[in-house]
There are 2 protein chains.
Amino acid sequence: MGQDNNLTVEMSMTGDQQSMPLRDAVFVSLRKAILTGKLKPGERLTEVKLGKMLGTSRTPIREAIRMLELEGLVAIVPGSGAKVSGMTLEDLQEVMEVRSALEQLSAGLASERITQEEKTGLRDALNAFIKSTRIGDSMEIAEVDGKFHDAIVKAAKNEKLRTILNGLADNIYRYRYECLRDDERYEHLITEHKEIYKAILAGDRECAEKAARNHIALQWEFMRGKILEEKEQ
Amino acid sequence: MGQDNNLTVEMSMTGDQQSMPLRDAVFVSLRKAILTGKLKPGERLTEVKLGKMLGTSRTPIREAIRMLELEGLVAIVPGSGAKVSGMTLEDLQEVMEVRSALEQLSAGLASERITQEEKTGLRDALNAFIKSTRIGDSMEIAEVDGKFHDAIVKAAKNEKLRTILNGLADNIYRYRYECLRDDERYEHLITEHKEIYKAILAGDRECAEKAARNHIALQWEFMRGKILEEKEQ
DNA sequence: CCACATAATTCTGTTTCCTTTCTTTCCCGT
DNA sequence: ACGGGAAAGAAAGGAAACAGAATTATGTGG
């Protein structure tokens, strides 16, 4: 009961509701709540309850849930309802396999298509990442890491790729976030990012792809290890 | 007016509506109508009209449209409505770039993970493809071509990849379909498919990836040429 | 004390209605 | 005659109502 009230406050809809369809606001709110773990995997999402929490009727909630389903963040059981979808280790591996292929493509295309301004933008993103690892707020690090990868895919000039990659990033956000609490890998992460950055700047597609593949592979290895050792406890 | 009635009949909802949420039936119907070109790019989708056509109220229509939007098949103008989204040549190129990377991954993984039963299934799919090119019904060829690619991604044992690839295939279905009307490329297609098939059977990942990349590259080249020469007319 | 069946409650699926926003058309002024 | 603005109409956005299925609770029999 008290928890619900807490969530109500936490899930208040941000910013400009004006001229923005309610369903989109709800969509963003729910998505954020899931990604940050406020709504936990397996938790049941009842429409009336969410409606009360966000102060809307069921209609926008329903539409938002349908959208979340297509993004894979909730699972709908026909006739029963929706629940936040958890992920098995196998699911994570699937996502990481796809991500590996697409981050390679992203880095490769970026190395060929990046403009001068984007180069400075990418450098700034890299520096921001390095800086926030020094400070150590894992929430911010996840954010800035995402910015770096997004800067690359922007330079790749392929919006379809960008959409898909961002969707995949959301899929694993929860787990990546958990893994970033550990700072033993920060130095490695910086090195890997630098390597990708250098290859893209040099316009060396082969090298950029290789660096990206390597980066994802190491990240996956680390995540996998973390999750497995957590399970043993 | 008469057109509308025609569409009504064409868009009747197929199969087991029982125990299937109406929105999904609507979703499938609309999707098919768009992919087969019954609903043309730019055409406006008004909820009441579609509701009358399919014999439902607006709600299932709305939810289906939201889902179609996330799949990129319709575009929503806030407050105004939804329309079937067309594709520029640049959009197509974006899709093909991503598809190239993922079909490579698909073939590569399949070469490592395919089971004995799946091998025979893939062989059957290949033969079915060859057979339908002899008959020459472009509708069926597109279907069977899809089956072949789906058999591969099934063997790759990665459902996430499968979902994304099928989504991409839908994106370009209309255009691929158009291009298959031309039978000058059938022989090449068969050769390329055979090459992928052989590499997967041999368990040669490198070779499978190369064959897949080659296949997509040639398909794209052909599509691009077709579209450009159509525009010139 | 537990298992099974039945009833009550809750939640989804769908329809219907009201409100808000956009679009189009028509009229008035220049 | 042409352009701008206001009003009417149409369509989406949102809320509430209704029906049916699912889950939970309750009670009875073993």
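Bear in mind that the values here come from a model prediction, so they are computed numbers and not experimental data. (Residues numbered from 1 in each chain as written. Chains lettered and ligands numbered in written order. Predicted model: local features only at pLDDT ≥ 70, side-chain atom pairs only at ≥ 80, totals over all residues.)

(A) Up close: the overall build of chain A. Along chain A, the regular secondary structure elements total eleven helices and three strands. Starting at the N terminus, the α and β elements of chain A follow one another as α-α-β-α-α-β-β-α-α-α-α-α-α-α. Relative to a compact globule of 233 residues, whose C-alpha radius of gyration would be 17 Å, chain A shows 19 Å and is just as compact. For chain A, the C-alpha atoms occupy an extent of roughly 55 × 50 × 35 Å along the three principal directions. Restricting to contacts in chain A with at least 6 residues of sequence separation, those with at least 24 account for 72%. (Helix = DSSP H or I, 4+ residues; strand = E, 2+ residues; numbered from the N terminus. Rg over C-alpha atoms; globule rule 2.2 N^0.38 Å. Contact = placed C-beta atoms within 7 Å.)

(B) Region of the structure containing helix α4 (residues 58-70) of chain A. The end-to-end C-alpha separation of α4 of chain A is 19 Å, in line with the 18 Å expected for 13 residues at 1.5 Å each. Where the residues of α4 of chain A are buried, they touch α2 (22-35), β1 (44-45), α3 (47-54), β2 (74-77) and β3 (81-84) of chain A together with α4 (58-70) of chain B. Phi turns positive, to about 85°, at G72 of chain A, one or two residues after α4 of chain A. (Expected span 1.5 Å × (residues − 1).)

(C) Molecular detail of the protein's contact with DNA strand D. Residues in contact with DNA strand D amount to 16 residues; listed here are only the nearest, L22 and S57 of chain A together with T46, E47 and G81 of chain B. Those elements that provide at least two residues to the surface near DNA strand D are α2 and α4 of chain A together with α3 (47-54) of chain B. No other element matches α4 of chain A, which puts three residues into the surface near DNA strand D. Its residues assigned to classes, the surface near DNA strand D comprises five nonpolar, eight polar and three charged. (Near = placed C-beta within 6 Å. Nonpolar A, V, L, I, M, F, W, Y, C, P; charged D, E, K, R; others polar.)

(D) Quick peek at the domain arrangement of chain A. All names here are of chain A. The domain boundaries assigned to chain A delineate domain 1 (2-84) and domain 2 (89-232). On a C-alpha basis, the centres of domain 1 and domain 2 stand 28 Å from each other. Looking at the side of domain 1 that touches domain 2, its residues break down into one nonpolar, two polar and one charged. (Domains from an automatic or database assignment.)

(E) Layout of the protein's contact with DNA strand C. Residues in contact with DNA strand C amount to 16 residues; listed here are only the nearest, G81 of chain A together with L22, S57, T59 and G79 of chain B. Contributions of two or more residues to the surface near DNA strand C are made by α3 of chain A together with α2 (22-35) and α4 of chain B. Of the residues forming the surface near DNA strand C, the biggest block, three residues, is contributed by α4 of chain B. Tallied by class, residues from the surface near DNA strand C come to five nonpolar, eight polar and three charged.

(F) Structural context of the pairing of β2 of chain A. Residues and elements named next belong to chain A. Bridge analysis of β2 against β3 gives four bridges, and the strand direction is antiparallel. When the sheet's bridge partners are listed, A75 is paired in β3 with K83. In textbook terms, the turn of a hairpin is the stretch between consecutive antiparallel strands, and for β2 and β3 this stretch comprises three residues, one of which, G79, has a positive phi near 85°. (Pairing = 2+ DSSP bridges.)

(G) Fine view of the relation of the copies chain A and chain B. Here chain A sits on chain B after a turn of 180° about the axis and a move of 0.0 Å along it, with an RMSD of 0.1 Å. Both chain copies can therefore be described as sitting about a two-fold axis. Interface residue correspondence from chain A to chain B reaches 100%, placing this contact among same-surface, isologous pairings. (Least-squares fit on C-alpha atoms with pLDDT ≥ 70 in both.)

(H) Summary view of the sheet that holds strand β3 (residues 81-84) of chain B. Spatial ordering of the open sheet is given by β1-β3-β2 (chain B), a layout of three strands whose pairing is antiparallel. Each edge of the open sheet carries a strand with a single partner, namely β1 (44-45) and β2 (74-77) of chain B.

(I) Quick peek at the interface of chain A and chain B. In this assembly, 19 residues from chain A lie in contact with 19 residues from chain B. Listed by contribution, the elements that provide at least two residues to the side of chain A that touches chain B are α4, α5 (89-113) and α8 (159-171) of chain A. Of the residues forming the side of chain A that touches chain B, the biggest block, seven residues, is contributed by α5 of chain A. By residue class, the composition of the side of chain A that touches chain B is eleven nonpolar, one polar and seven charged.

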